[in-house]
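Coordinate inspection notes
Residue-level listing of the chains:
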Amino acid sequence: MSTFDNPFDPNRRLHAGGCSCGQHVSEAEHDHAATALRCEPAPSEEKRYEGVVASAVVRAMFPKDAARRAFLKSVGASTALAAISQFFPLQTATEVFAQAGTPEKKDLKVGFIPITCATPIIMAAPLGFYAKHGLNVEVVKTAGWAVIRDKTINKEYDASHMLAPMPIAITLGLGANAIPFTVPAIENINGQGITLAMKHKDKRDPKDWKGMKFAIPFDYSMHNYLLRYYLAEHGLDPDTDVQLRSVPPPEMVANLRADNIDGFLAPDNICQRAIYDGVGFMHILSKEIWDGHPCCSFAASREFITNSPNSFAALTRAIVDATAYASKAENRKQIAEAIAPANYINAPVTVLEQVLTGTYADGLGGVKTDAKRVDFDPFPWQSFAVWMLTQMKRWGQIKGDVDYKAVAEQVYLATDTGKVMKEMGLTPPATSYKSFAVMGKAFDPAKPDDYLASFKIRKAS
Amino acid sequence: MTFSLRFRAAVVSIVLFAAFLGIWHLATRSTAATTTMTPEYAKLMGLTATQGKSAMPGPLDVGAKLWEHLKQPFYDKGPNDKGLGIQLGYSIARVGLGYLLAVLVAIPLGFLIGMSPLISKALDPFIQVLKPISPLAWMPLALYTIKDSSISAIFVIFICSVWPMLLNTAFGVAAVRTEWINVARTLEVGTVRRAFTVILPAAAPTILTGMRISIGIAWLVIVAAEMLVGGTGIGYFVWNEWNNLSITNVIIAILLIGVVGMLLDQILARFTRMVTFPE
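Residues numbered from 1 in each chain as written. Chains lettered and ligands numbered in written order. Predicted model: local features only at pLDDT ≥ 70, side-chain atom pairs only at ≥ 80, totals over all residues. Heavy atoms only, no water.

To continue, consider the overall build of chain A. A count of helices and strands for chain A gives 20 helices and 16 strands. With 461 residues in all, chain A has 59% of them scored as buried. If you take every contact in chain A between residues at least 6 apart in sequence, the share linking residues at least 24 apart comes to 75%. Of the roughly 17400 Å² that chain A leaves accessible, carbon and sulfur atoms contribute 51%. (Helix = DSSP H or I, 4+ residues; strand = E, 2+ residues; numbered from the N terminus. Buried < 20%, exposed > 50% of the residue type's maximum accessible area, 1.4 Å probe, protein only. Contact = heavy atoms within 4.5 Å. Areas by Shrake-Rupley, 256 points an atom, 1.4 Å probe, with all protein chains shown as cover.)

A separate point is the pattern of salt bridges. One pass over the structure, following the stated rule, counts 22 salt bridges over all chains. One connected set of salt bridges, linked through shared partners, spans Lys199(A), Asp259(A) and Asp262(A). (Salt bridge = Lys/Arg side-chain N within 4 Å of Asp/Glu carboxyl O.)

In this section: the nonpolar core. The biggest cluster of nonpolar side chains holds 81 residues, and the ones touching the most others in it are Phe264(A), Met211(B), Trp219(B) and Ile234(B). Element by element, the count of residues in this core is highest for helix α10 (residues 191–229) of chain B, at 15 residues. Grouped together as the second largest cluster of nonpolar side chains are 77 residues, Ile113(A), Leu226(A), Leu236(A) and Trp381(A) included. (Core = buried A, V, L, I, M, F, W, Y, C linked by side-chain atoms within 4.5 Å.)

Now for the pairing of strand β8 (residues 243–246) of chain A. All names here are of chain A. As paired strands, strand β7 (residues 213–216) and β8 are joined by four bridges and run parallel to one another. Residue pairing for β8: Ile 216 is matched across the bridge by Ser 246. In this view, the connection linking β7 to its parallel neighbour β8 by way of helix α10 (residues 222–233) has right-handed handedness. (Pairing = 2+ DSSP bridges. Right-handed = clockwise from strand over helix to strand, strands pointing away.)

Looking now at helix α7 (residues 135–146) of chain B. Two residues of an α-helix separated by three or four positions point the same way, owing to the 3.6 residues in each turn. Taking 1.5 Å per residue, 12 residues should reach 16 Å; α7(B) reaches 16 Å between its end C-alpha atoms and fits that length. Listing the buried residues of α7(B) in full gives Pro135(B), Trp138(B), Met139(B), Ala142(B) and Leu143(B). The arc enclosing the buried residues of α7(B), seen along the axis, measures out at 135°, which places them on a common side. Against α8 (145–153) of chain A together with α6 (117–130), α8 (149–174) and α10 of chain B lie the buried residues of α7(B). Positive backbone phi, at 60°, marks Lys147(B), one or two positions downstream of α7(B). (Expected span 1.5 Å × (residues − 1). Arc of directions from axis to C-beta.)

Take the interface of chain A and chain B next. Listed by partner, the interface residues are 40 residues for chain A and 33 residues for chain B. Between chain A and chain B lies a buried interface of about 2900 Å² when both sides are counted; carbon and sulfur atoms form 53% of it. Summed over the three residues of chain A that lose the most area to chain B, namely Pro250(A), Asn343(A) and Asn346(A), the buried surface amounts to 18% of that side. The tally of links between chain A and chain B comes to zero salt bridges. Secondary-structure elements contributing two or more residues to the side of chain A that touches chain B are β2 (136–141), α8, α11 (249–257), α12 (270–276), α16 (349–357) and β12 (359–361) of chain A. Looking at the side of chain A that touches chain B, the element that brings in the most residues is α11(A), giving five residues. Looking at the side of chain A that touches chain B, its residues break down into 18 nonpolar, 12 polar and 10 charged. (Buried area = accessible area lost by both parts, 1.4 Å probe. Nonpolar A, V, L, I, M, F, W, Y, C, P; charged D, E, K, R; others polar.)

All names here are of chain B. Looking at chain B as a whole, its pLDDT mean stands at 88, while 98% of the residues score no less than 70. In the model of chain B, helix α3 (residues 47–50) stands out as the element of lowest mean pLDDT, 79, in contrast to helix α1 (residues 5–27), which has the highest, 93. The complex prediction reports pTM at 0.79, with the ipTM value standing at 0.81. (pLDDT = per-residue confidence, 0-100.)

Below, the structure written as structure tokens:
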């Protein structure tokens, strides 16, 4: 029986048998449900908490499943509830449980970069998710990744939007002082793309891209790793056969128009903006490289968690809540409108709608539909972090040995996020490592060194 | 009938401006769309792609947008969207503060350098090395060490506006005519009194020229600094609109930056005229 099952249902099993979380008959079904329904919130918060408390009480009273079933079958669920309520104050316990600790600090500042990856962080302000969790959050638009890093390290921001590999890089002291940082939630999965200049519309085979110039937003970014991976899989060495430049997103569109670069792997709304302005076309979505890849993260320093654990918990709840809301297709139009104004992303609503709803112009005269073009799933898989570490090593950003697992578990707070998700009635995955495939090549998080060794193209270290 | 020079110059200015606007308008006219698109595809595309609208806005677009901004210069819709008046206010305040700090440091130090050949020679290598550093090169260092973005911006203003003032003050003080100083010596005027009653008035025009150069540089730098750190100010406004690829708003910001820079320069020019003396 999982924490969210109705404890008064005699047909439920109390202890896990089939799968790791106990909700499903088999592990396969669990995996299926985990991917399909990860962000399905329960009907109402109060009901959810009630269920959690009742589960705990029933579990304590009937440690043996057979006894519980017999009892419930003989008296019926409602009688059982009434009976238990008599000697255990379920109502009060539920209220106590629902009231998380009061935030130490209510007025928080969260930095973001104006791209659709920041959707949950941004929308949580206008749509009231921060307020719902008792926080008064000011979301502050920030001029670039290096600045957001410095401002978060300087504590001008309590937490912020970062590229998924950035907290790992900061923790390891790559390109900054080593400061322990954490990722309690992934902001978005998928949602990037390779956009090429119109003049390359017949050069769709990457093998023809030798000598071309590409832009990426930041060195420690999924964009960098995915583009390098994609090029290398097609036999191009990203360090010698093409030129990769770190360029801020708006300048990517301008440079593409000016014929100064041939393409870019960029965060969305920028890819779609290039198409909207008629200067480029979508070569592929990043989803086609790795379906379900993480892109941006929600990051906070370890110090913030230690000093204000309740604020941090409330913030994580608000972000997870917003992410769950954003994961639903039917809310995407409303979200696009909420985050388009000058105060937030400052982009045409049409562009954001195309990104978020997944019905978009491809720049070559066609309209494409892919509802998962960008998706939202907060769970910080530690295997994601391990993959990023392998790529950091592959491209020479990390020299020497690295304890993949230790770093991943220190930075990606899967356990804490799982707990928050459970409290909110969401179903977190049972483990924090999963294997996945990038361009058809399987990645086993247990064997990062073998994975790394299997690449032909890599920087000699 | 002849008109005054002033009037004729004004006429030429207006003609030039009108010609500029006309050429601008013609150069940015939209051309008809070259490709045919299905209606549902066209709905997803911008005007540049569908109607062949130039990526560069014309003078009419800029005028309309400018009017929109001027109608409502002080609105405040949260931390990331404020009226142009408020943004300019932030920038001017930062420039003012950084500049004031620079005045407080540069003028006394410049006096010291001008009056003492020893100090002048000793400090010279440092000044020569520090002076040519681009103000923006200081920015990452400032952010890293000061750990506060708005103080960093003020620091950058300070560090870039201090040198012209320092050098001009030192030069002005050193170039005070020796006869005047000798006269003061003969009359047994003390050092402090000599500095205030003889040297300061004599060097004032040069000092103010340095201050005028400095305010110009400070205003040049603030826009770049704010683009880098973001948050508030006219530089942030430019960055934010650049992010949206709204060239119209960027042009408006450029126009306003020019106007404010001119006003700041004019204020100091007036002060310079006040202290100038005929020899």
